[in-house]
Every structure is written in structure tokens, then in C-alpha cells.
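Below, each chain spelled out in residue letters.
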Amino acid sequence: MKPTAVLLVTYLMILVLRRIFSLVKVTRTTSHFPKLYTPFQPFALPGALLKTSSWNDGRDWHWVRRFQTYNKNETVNLIPILSGIPGLWTSNMDIGRQIVGGSHRSSFAKMDSKNRTLLAWGMNLASAEGAMWRKHRRIVGPAFGPELYKLVWKKTFEIYRDMIEIEGWKDREIVKIPVIQNITLKLAFLLISTCGFGFPSTWATLPQAADGGMPIQEALKIVADNNRLYTFVPKWLWYLPFPSLREAHIARGRLSAFMQKQVIERKGSVAAGDTRTDAFTIMVQANQDEASKYQLDDQELIGNTFIFLFAGHETTANSLAATLGFMAINEVIQDEVLEQIMSVVGPDRDPEYDDYLKLDKVLAIFYEATRMIPAGHVLIRQATEDTVLTVPNPVGEDGSKTVPIPKGTEITVDMVGVQYNPRYFEDPKTYKPSRWYGLPADSELFTAFSVGPRACLGRKFATVEATCFLALLLRDWQVLPFLHAGETKEAWGARVMNDVGISITMKAADFPIKLVKRKHT
Ligand code: HEM
């Protein structure tokens with residue numbers, strides 16, 4: 001053998017031995033949990049690029065194998081043999097609470113490597129940890145109060161009305177929507193744009209900006225659609241002559257300059273008594289009122305405004321689309337919900353924010369869709385020190401065990417696993433909104449927004465928007481599936497509502513629906 005070949009083989013053998021050594025070390029230290037072997041870590045390259053198959057666990061493995069993975073044990077140790085870090089995956093929310101709770105005594109933290117997309121516009125609430133998180137929470141928290149929710153309700157109503165008018169549905173008896181996600185994404189985007197950023201936005205096509213450049217709302221839309229690209233594509237690629245990359249680069253530059261100016265202007269208008277109630281304005285107000293050592297700098301204010309877009313746009317839109325998919329195949333539930341809408345709001349009146357709590361069945365159809373296809377599908381943390389977990393015994397056995405967890409262990413709370421765990425849900429495979437009827441609006445029994453201090457800050461933003469939009473839509477229209485020739489409703493449901501994948505959020509693949517105008521007597 002040639003000396004170079006000998007060197008290469010030796011090098012490869014060292015790599016293999018190092019891999020075996022590190023895997024043995026890691027698996028010994030978390031030996032309490034059963035091991036599942038896979039070639040690659042599902043969320044790291046190359047595993048994330050490959051589809052889940054008989055030999056590979058790709059990035060949607062927890063969806064594809066949701067009825068098998070936790071059959072025998074609620075927590076498993078997923079061990080990638082060829083590349084990536086081994087880690088625990090759990091479907092037990094009692095363990096989840098210990099990991100994602102986020103108290104100042106917590107031994108678990110978010111990992112910077114998983115936060116790159118969220119950090120693209122500045123440090124923010126969703127990415128910060130410890131004292132930094134508390135500082136951000138003091139300023140961002142006050143923005144999410146009754147004034148914002150009233151605005152979300154009002155704007156949802158206005159946007160719905162614009163949509164019906166501008167899409168030309170007003171005079172139609174039947175509307176076929178080829179991709180319902182296009183509608184829900186536009187709605188959720190306009191809501192974040194108006195109520196999060198305080199930019200006036202309508203369903204109509206945007207007018208040209210006064211300076212002839214790209215309208216700010218359009219720049220925001222392009223950034224929302226391309227932010228991931230911006231995080232992962234090397235900087236030099238932006239300057240190559242690919243029109244879509246150039247456009248994304250220009251949009252980012254324009255928005256960045258605009259936001260810097262906006263912070264200064266908003267500070268001035270707040271000092272002069274600005275009474276707007278969008279989250280950005282209230283956050284700037286809270287920042288002005290804070291002692292200087294707790295204040296956020298301009299970039300942090302911008303980072304937090306953008307987090308509303310990245311955390312709240314696709315999640316809400318995909319959950320709304322899923323709700324409409326489940327409505328299309330559940331006529332009886334749709335009628336039951338309509339009955340509540342008619343008794344609370346009636347056939348003609350504009351729904352008001354005070355109706356929100358009375359429309360619990362409308363909220364329940366959204367909750368149940370979000371349970372079955374949880375947009376926030378994984379909560380990933382790492383142990384920051386040697387610690388322990390209290391692991392409940394299997395269902396039917398009282399008590400729990402204390403299990404040591406070494407520093408550095410990565411733990412993923414698998415929200416699909418949690419939402420399909422029979423410990424928490426009777427008949428978890430069935431779409432059954434009645435499980436949520438009458439549930440107090442902020443109850444932690446509903447876990448798809450996470451739990452504890454680090455739970456979703458936008459939960460009420462999303463549920464107010466969803467309740468208002470669904471009440472309006474279901475009052476005016478019957479939602480039906482758009483069937484293939486000869487297809488039954490059940491077959492449509494099985495095909496469409498199980499075709500679920502992951503971009504960053506979890507979502508049903510694009511699907512069409514049909515709306516038939518209701519005739520209220
Ligand atoms: C159906 C819609 C939504 C779902 C399912 C959802 C789900 C979640 C989940 C599971 C988390 C916890 C993530 C983790 O700990 O790793 C979270 C955090 C967060 N969400 Fe949402 N979310 C939704 C809508 C929104 C909206 C509309 C906004 C803002 C307007 C928002 C803002 C946030 C923020 C700021 C955090 C970070 C909170 C913190 O770390 O203190 N979310 N969301």
C-alpha cells in the first residue's frame with residue numbers, strides 16, 4: 001500500500017475509533033433510557049436533508065414514527081451512529097416541564113447553535129437565557145396585554161372584511177381556494193405587520209413607496225419568506241446575480257435602515273404621547289419607563305419586534321390552515337361550532353372582543369388542530385451542569401425515579417410525542433375539540449404553546465386572531481374538502497391531514513378547500 005493510502009486509512013480508523021469512544025461514553029452516562037440507533041442526527045446535515053425512511057430518521061421522523069417511538073418508553077436515547085450528537089427525546093410533559101420551565105434555578109438552557117435564525121435581527125426574548133432573558137421579559141412582557149389583544153381582534157375583523165371584498169368572494173356562492181395556506185399566511189403576516197410592528201397593512205396590493213423604492217411591507221414579507229436563507233447562505237453569495245437572492249438582500253437592507261429610523265421616531269412619538277397599541281410602540285414605551293440599567297438598546301428592541309414575525313407568523317398560519325382542514329372533514333363539529341357563533345354573535349352583528357371568551361368552541365377547534373399538528377414541534381435544551389431528572393414511572397405505576405443527567409446532554413421535548421401521548425389524552429389519534437370546551441384561556445393543560453415562564457408569549461395573540469377569523473369565516477361559509485374524482489371525505493382526510501412536514505414549524509402540506517356560502521334565515 002502507498003504511504004498516502006496508509007495515512008488515509010489510519011486517519012479514518014482514528015476518526016471511527018473516536019466516534020465509537022464518544023458514543024460509548026455518552027450512552028453509558030444516559031443508560032437509563034432505551035437506545036434507538038439512526039445513521040445521522042435528524043436535525044443536522046446530512047440527516048435533515050434526507051427523507052425519513054426505513055433506514056434513516058430524517059427531520060420529520062418524530063411525525064412519521066409518532067405511533068411507534070414511545071410505545072414502550074416515554075423517553076428514548078436517539079443515537080446517531082455516523083454523525084451528530086446523541087440526545088434524549090421525550091414525550092413526557094412532566095419531564096418537559098423540568099427542562100423548559102426556564103426558572104432561574106434551571107439546569108437546562110437553549111443552545112446558541114439552534115438559535116441562529118432567531119438572532120439574525122438582534123438579541124431577543126426567545127433566544128436569551130438567565131438574567132438577559134429576565135431583562136428582555138420586563139420590556140417585552142407589557143406589550144402583550146389587553147390593549148394589544150383588542151387591536152388584534154379589530155384588525156382581524158378589518159382584514160377579513162377586506163379579504164372578502166378584494167378576493168371577490170362577496171357575490172360568490174362557492175369559492176374554491178387552491179391553497180388555503182396562502183390565505184392563512186397572508187392573514188397572519190398582515191396581523192403581525194399591523195399589530196406587532198405598527199405598520200398600516202391591508203389585503204390590497206401595496207402602493208409604491210413615496211421614494212419609489214420597495215414598499216416597507218413588501219420588504220417585510222420578503223424578509224419573512226427568506227430569513228432562513230439569510231442566516232445560512234454565505235455573505236458573498238448575496239452579491240451574485242441571482243434575482244431572488246439580490247431581492248432578499250435589498251429587502252433586508254431597506255428594512256434594517258427603516259427599523260433603525262423607526263426606533264428613533266417611535267421614541268420621539270412615545271415621549272410626545274403616542275397612544276398606538278401595537279406591540280412595538282408599547283415595548284418602546286415600557287423601555288422609556290424602565291430604569292436605565294434595565295433598558296434594552298435599539299438593536300434589542302428591533303430584535304424583539306422581529307421575533308414576533310419569526311415566532312408568530314408561520315406557527316399561527318399553519319395552525320389556522322390545519323383547523324380549516326379538520327373542519328372540512330368534520331361536518332358535525334362544524335355545525336356545533338356554528339351554533340355557538342350564532343348564539344353568541346348572531347347572523348349580522350360584528351363580533352367584538354368581549355365575545356372572545358364566550359366563543360370557547362371556536363377556540364377549541366383551533367386548539368385541537370394545534371394539538372394534532374403542533375407547529376412548535378420540538379423544544380430543545382441542553383444540560384448546563386450535571387443534574388437529575390424526576391422521571392415518572394410508566395402509566396399505571398405510581399411514583400417516579402431520579403435519573404442523573406450529565407452536563408452537555410441534549411434533550412428534546414417532542415411535542416408530537418407529547419400531544420399523542422395516551423397518558424394525557426384519551427383517544428389521542430382522534431380530532432376531538434370537545435376536550436377543550438370551557439377550558440380557561442390560559443390553562444397549562446393545553447401544552448402546545450409550552451408551559452412555565454418560557455411558554456409562548458404570543459399565545460393569546462394567536463388565539464384571539466384565530467377565534468375572530470374562524471368565527472367570521474364559519475358564520476359566512478361552510479368549509480368543505482376539495483375532493484379528487486371519486487374520493488370520499490374520509491379518504492381526503494387521511495390523505496391531506498397526514499401529509500405533514502417540517503420547514504422550521506410543523507405543517508400540513510399545501511391543500512385546497514371549498515367554501516359554500518351559508519344562508520342564514
Ligand atoms: C399557533 C401559534 C403559535 C404556536 C403553536 C407557538 C408555540 C410556541 C412554543 C411551543 C414556544 C416555546 C418555544 C421554546 O421554548 O423552545 C413559543 C415561544 C414564543 N412564542 Fe409562540 N407560538 C405561536 C404563536 C406566537 C405568536 C403569534 C407570537 C408573537 C406575536 C409568538 C411569540 C413567541 C415568543 C416571543 C416566544 C418566546 C418566549 C420566551 O422564550 O420567553 N408566538 N411559541
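Residues numbered from 1 in each chain as written. Predicted model: local features only at pLDDT ≥ 70, side-chain atom pairs only at ≥ 80, totals over all residues. Heavy atoms only, no water.

As recorded in an unreviewed UniProt entry, the chain goes by the name Cytochrome P450, listed as coming from Mycena venus. As its UniProt record puts it under Cofactor (unreviewed entry), the chain is described as follows: "heme". (UniProt positions renumbered as here; feature names shortened; annotations may be inferred.)

1. Quick word on the overall build of the chain
A count of helices and strands for the chain gives 15 helices and 13 strands. For 521 residues, the compact-globule estimate of 2.2 N^0.38 gives 24 Å, and the C-alpha radius of gyration of the chain, at 24 Å, lies within 12% of that figure. Structurally, the chain occupies a C-alpha span of about 80 × 55 × 50 Å along its principal axes. Every one of the 521 residues in the chain was classed for burial, and the buried ones make up 51%. Residue pairs at least 24 apart in sequence account for 72% of intrachain contacts in the chain once pairs closer than 6 positions are excluded. (Helix = DSSP H or I, 4+ residues; strand = E, 2+ residues; numbered from the N terminus. Rg over C-alpha atoms; globule rule 2.2 N^0.38 Å. Buried < 20%, exposed > 50% of the residue type's maximum accessible area, 1.4 Å probe, protein only. Contact = heavy atoms within 4.5 Å.)

2. A few points about the sheet that holds strand E10 (residues 477–481)
With respect to topology, three strands assemble into an open sheet ordered E5-E13-E10, the strand pairing being antiparallel. The strands lining the two open edges of the sheet, one partner per strand, are strand E5 (174–177) and E10. Neighbour-to-neighbour, the strand axes of the sheet open up by a mean angle of 25°, direction not taken into account. Looking at chain direction, E5 and strand E13 (residues 513–517) are connected through four bridges and run antiparallel. Bridge pairing links Val175 to Leu515 in E13. (Pairing = 2+ DSSP bridges. Axes fitted to C-alpha atoms, helices over the stretch in contact; angles between N-to-C directions.)

3. Some words on the side chain of Asp274
One can find Asp274 in the loop between helix H8 (243–271) and helix H9 (279–289). Looking at Asp274, its side chain comes within polar contact range of the side chain of Ser269, at 2.8 Å. Within the local environment of Asp274, its side chain forms a polar contact with the side chain of Arg276, the two groups lying 2.8 Å apart. When sequence neighbours within four positions are dropped, the list of residues in contact with Asp274 reads Arg266, Ser269 and Thr281. (Polar contact = N/O pair within 3.5 Å; in protein donor to acceptor, adjacent residues only side chain to side chain.)

4. Things to note about the UniProt feature "binding site: heme" (unreviewed entry) in the chain
According to UniProt, the "binding site: heme" (unreviewed entry) feature falls on Cys456. In this fold, Cys456 is placed in the loop between helix H13 (415–419) and helix H14 (459–476). With a relative accessible area of 38%, Cys456 lands in the partly exposed category.

5. Quick notes on the pattern of salt bridges
Under the definition given, this model contains 21 salt bridges. Residue Arg266 is joined to Asp278 by a salt bridge in which the shortest nitrogen-to-oxygen separation is 3.3 Å. Within this pair, whereas Arg266 is found in helix H8, its partner Asp278 is found in the loop between H8 and H9, the two being separated by twelve residues in sequence. In this structure, Arg266 and Asp278 share a single accessibility class: buried. Taken together, the salt bridges that share partners define one network made up of Lys154, Lys155 and Glu158. (Salt bridge = Lys/Arg side-chain N within 4 Å of Asp/Glu carboxyl O.)

6. What about the site of the ligand?
If you check the shell around the ligand, you find 27 residues, and the closest are Trp133, Gly312, Arg381, Arg454 and Cys456. Here an oxygen atom of the ligand sits 2.8 Å away from a polar atom, N or O, in the side chain of Trp133. At 2.7 Å from an oxygen atom of the ligand is found a side-chain nitrogen or oxygen belonging to Arg381. Elements that contribute at least two residues to the shell around the ligand include exactly helix H10 (298–329), helix H12 (360–372), strand E6 (378–383) and H14. Considering each element in turn, the shell around the ligand owes the most residues, seven residues, to H10. Broken down by class, the residue content of the shell around the ligand amounts to 17 nonpolar, seven polar and three charged. (Near = heavy atom within 4 Å. Nonpolar A, V, L, I, M, F, W, Y, C, P; charged D, E, K, R; others polar.)

7. Remarks on unusual backbone geometry
With an omega dihedral of 0°, the bond running from Leu45 to Pro46 counts as a cis peptide bond. Locating Pro46 in the fold gives a position in the loop between strand E1 (35–40) and helix H2 (61–64). Of note, Asp427 is a non-glycine position whose phi angle comes to about 55°, a positive value. Counting through the fold element by element, Asp427 comes out in the loop between H13 and H14. Residue Asp427 is classed as partly exposed on the basis of its relative accessible area of 39%.

8. What about the sheet that holds strand E3 (residues 87–90)?
Strand order in the open sheet formed by six strands is E1-E2-E3-E9-E6-E4, with mixed pairing between adjacent strands. The open sheet is flanked by E1 and strand E4 (108–109), the only strands paired with a single partner. Sheet topology note: the E3/strand E9 (residues 410–414) ladder contains four bridges and is parallel. When the sheet's bridge partners are listed, Trp89 is paired in E9 with Thr412.

9. Notes on helix H5 (residues 146–166)
Between the first and last C-alpha of H5 there are 30 Å, a value that for 21 residues agrees with the 30 Å anticipated at 1.5 Å per step. When we look at burial in H5, the residues that qualify are Leu148, Tyr149, Leu151, Val152, Trp153, Lys155, Thr156, Phe157, Ile159, Tyr160, Met163 and Ile164. If you follow the buried residues of H5, they end up packed against helix H6 (180–196), H9, H14 and E10. Note on H5: the residue one or two positions beyond its end, Gly168, has a positive phi of about 75°. (Expected span 1.5 Å × (residues − 1).)

10. Some words on the side chain of Glu300
Along the chain, Glu300 falls in helix H10. With no salt bridge to any partner, buried Glu300 finds its closest opposite charge in Lys135, at an N-O distance of 4.3 Å. Among all residues touching Glu300, those that are not within four sequence positions of it are Met123, Met132, Lys135 and His136. (Lys, Arg positive; Asp, Glu negative; His and termini not counted.)

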